[in-house]
Amino acid sequence: MCGRFAMDDRVNAEITEFVERTGRRPEDWRADWEEAYNIAPTEDVPVLIDSAKDRELRFERAHWSLVPGWSKELKLKFPTFNARAEGIVEKSTWRKPVQSHRAIVLARGYYEWQGEKGHKTPYFIRYPDDQLMGFAGLYSWWRDHTKADDDPDRWVLTATILTSDAVQTLADIHDRNPVILPEDMWLHWIDPSIVGDQALVDDAVAAGVAEAQTLRFDRIASFSTKDDGPQLIEPLADQQS
């Protein structure tokens, strides 16, 4: 599961450099993310998407909990910040986004808690070299019908993160982990000209298993839901893994 993660402002330069390498940087390109070390569901998350209309890459902010266009409200009765990869195309909430609305959700790393309630030990999970992490995600545009047709805020971009069974190295911390894609698969995953199906998702999971096996996990100090700042991801000096 991925229910909380961190993203610093280095992503602005990193994702800009990535997009420039593709040769598909739009003229109005903007990457203006402010660091956030305690991102929770329903808050904004940074995403990379491929516009089906003009085939330009876009760095956007998305509401972290996917809301289908048919929903009357931005909040659903069931959680949608994560989507189980297994049998995903059989679920009506995910079927259409899998087909053409796939995203990369960008992170520096994510948190998991080990143990029983009241005695949980927090860990921060990241690449050993602290490189940019890209979760396989899905997105959907939700129309806020309380706003006028000419209101620029009438459309809300929403997103979810795919999860799969945890790899052996992380299974003792949590039984699920986000599907993390290597950078060379990002463009393939978000390509809207590829009609997504279970096979595409399964390929992403297989790649994610290999990525997850390379991750570093550090025990960190406990923090509250309102805390923020780079100190949250600092390993405890005597507990590094």
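Analysis parameters
- Residues numbered from 1 in each chain as written.
- Predicted model: local features only at pLDDT ≥ 70, side-chain atom pairs only at ≥ 80, totals over all residues.
- Heavy atoms only, no water.
- Helix = DSSP H or I, 4+ residues; strand = E, 2+ residues; numbered from the N terminus.
- Rg over C-alpha atoms; globule rule 2.2 N^0.38 Å.
- Buried < 20%, exposed > 50% of the residue type's maximum accessible area, 1.4 Å probe, protein only.
- Contact = heavy atoms within 4.5 Å.
- Areas by Shrake-Rupley, 256 points an atom, 1.4 Å probe, with all protein chains shown as cover.
- Pairing = 2+ DSSP bridges.
- Axes fitted to C-alpha atoms, helices over the stretch in contact; angles between N-to-C directions.
- Expected span 1.5 Å × (residues − 1).
- Polar contact = N/O pair within 3.5 Å; in protein donor to acceptor, adjacent residues only side chain to side chain.
- Salt bridge = Lys/Arg side-chain N within 4 Å of Asp/Glu carboxyl O.
- Patch = residues over 30% accessible without salt bridge, like charges linked within 9 Å, V, L, I, M, F, W, Y side chains within 5 Å.
- Lys, Arg positive; Asp, Glu negative; His and termini not counted.
- Charge placed at Lys NZ, Arg CZ, Asp CG, Glu CD.
- Arc of directions from axis to C-beta.

S.K.: Can you help me understand the overall build of the protein chain in this one?
M.R.: Of regular secondary structure, the protein chain possesses 5 helices and 13 strands. Computed over the C-alpha atoms, the radius of gyration of the protein chain is 17 Å, within 12% of the 18 Å expected from 2.2 N^0.38 for a compact globule of 241 residues. Considered along the principal axes of its C-alpha atoms, the protein chain spans approximately 55 × 40 × 35 Å. Burial statistics for the protein chain: of 241 residues in total, 51% are counted as buried. The contacts in the protein chain between residues at least 6 apart in sequence include a share of 70% that link residues at least 24 apart. With an accessible surface of roughly 12,100 Å², the protein chain has 49% of that area assigned to carbon and sulfur atoms.

S.K.: Can you walk me through the sheet that holds strand β2 (residues 36–39) in this structure?
M.R.: What links the strands of a sheet is backbone hydrogen bonding, and the strands pair in either a parallel or an antiparallel sense. Overall, antiparallel pairing links the 5 strands, which are arranged β2-β1-β7-β8-β13 in an open sheet. Taken across any chain shown, the strands that pair with only one partner, and hence form the sheet edges, are β2 and β13 (216–219). In this sheet, adjacent strand axes meet at a mean angle of 25° when their direction is disregarded. Of the strand pairs in this sheet, strand β1 (residues 5–7) and β2 are connected by 2 bridges, and their pairing is antiparallel. The partner of Met7 across the bridge, within β2, is Ala36.

S.K.: Help me understand helix α5 (residues 198–212) in this model?
M.R.: In an α-helix there are 3.6 residues to a turn, and that puts residues three or four apart on one side. With 15 residues, α5 extends 20 Å from end C-alpha to end C-alpha; this agrees with the ideal 21 Å at 1.5 Å per step. For α5, every residue scored as buried is listed here: Gln198, Leu200, Val201, Ala204, Val205, Ala207, Gly208, Glu211 and Ala212. For α5, the capping residue at the N-terminal end is Asp197, with a side-chain oxygen 3.2 Å from the backbone nitrogen of Ala199.

S.K.: I'm lost on unusual backbone geometry in this one. Help?
M.R.: Peptide bonds are trans in most cases, and residues, glycine excluded, mostly fall at negative phi. The backbone phi angle of Thr42 is positive, close to 80°, even though this residue is not glycine. Among the structural elements, Thr42 can be located in the loop between β2 and β3 (44–50). One non-glycine residue with positive phi stands out, namely Asp130, at about 65°. With respect to the secondary-structure elements, Asp130 resides in the loop between β8 (121–126) and β9 (133–143).

S.K.: Before we go on, may I ask you to explain the pattern of salt bridges in this structure?
M.R.: Pairing between side chains becomes possible if they bear opposite charge and their charged atoms approach one another. Tallied over the full model, the rule gives 20 salt bridges. In this structure, Asp8 engages Arg10 in a salt bridge whose closest nitrogen and oxygen atoms are separated by 3.0 Å. Between Arg25 and Glu20 there is a salt bridge; the shortest N-O distance is 2.3 Å. With relative accessibility at 45%, the residue Glu20 sits in the partly exposed group. Residues participating in the shared-partner salt-bridge network are Asp8, Arg10, Glu14, Arg108, Arg126, Asp130, Arg216 and Asp218.

S.K.: Any chance you could explain a negative patch on the surface here in plain terms?
M.R.: A surface patch of negative charge is lined by Asp9, Glu35, Glu43, Asp44, Asp227 and Asp228. Within the secondary structure, Asp228 sits in the segment after β13.

S.K.: Whenever I open this one, the environment of Glu234 confuses me. Can you help?
M.R.: Mapping Glu234 onto the fold places it in the segment after β13. Separated by 57 residues in sequence, Glu234 and Asn177 place their C-alpha atoms 21 Å apart. Excluding anything up to four places from it in sequence, Glu234 contacts Arg219 and Ile220.

S.K.: Explain helix α2 (residues 92–100) to me, please; I cannot follow it from the model alone.
M.R.: Among the residues of α2, Thr93, Trp94, Pro97 and Val98 are the ones counted as buried. Down the axis of α2, the buried side of the element spans an arc of 105°, and every buried residue falls inside it. The exposed residues of α2 that point more than 90 degrees off its buried face are Ser92 and Lys96. Against the buried residues of α2 lie β5 (82–84), β6 (102–107), β9, β10 (155–165) and α5.

S.K.: Would you mind going over the pairing of strand β7 (residues 109–114) with me for this structure?
M.R.: In the case of a regular strand, side chains alternate between the two sheet surfaces. Where β1 meets β7, 2 bridges bridge the pair, whose relative direction is antiparallel. Directly across from Phe5, in β7, lies its bridge partner Tyr110. Relative to β8, β7 is paired through 5 bridges, and the arrangement is antiparallel. Bridge pairing in β8 links Gln114 to Thr121.

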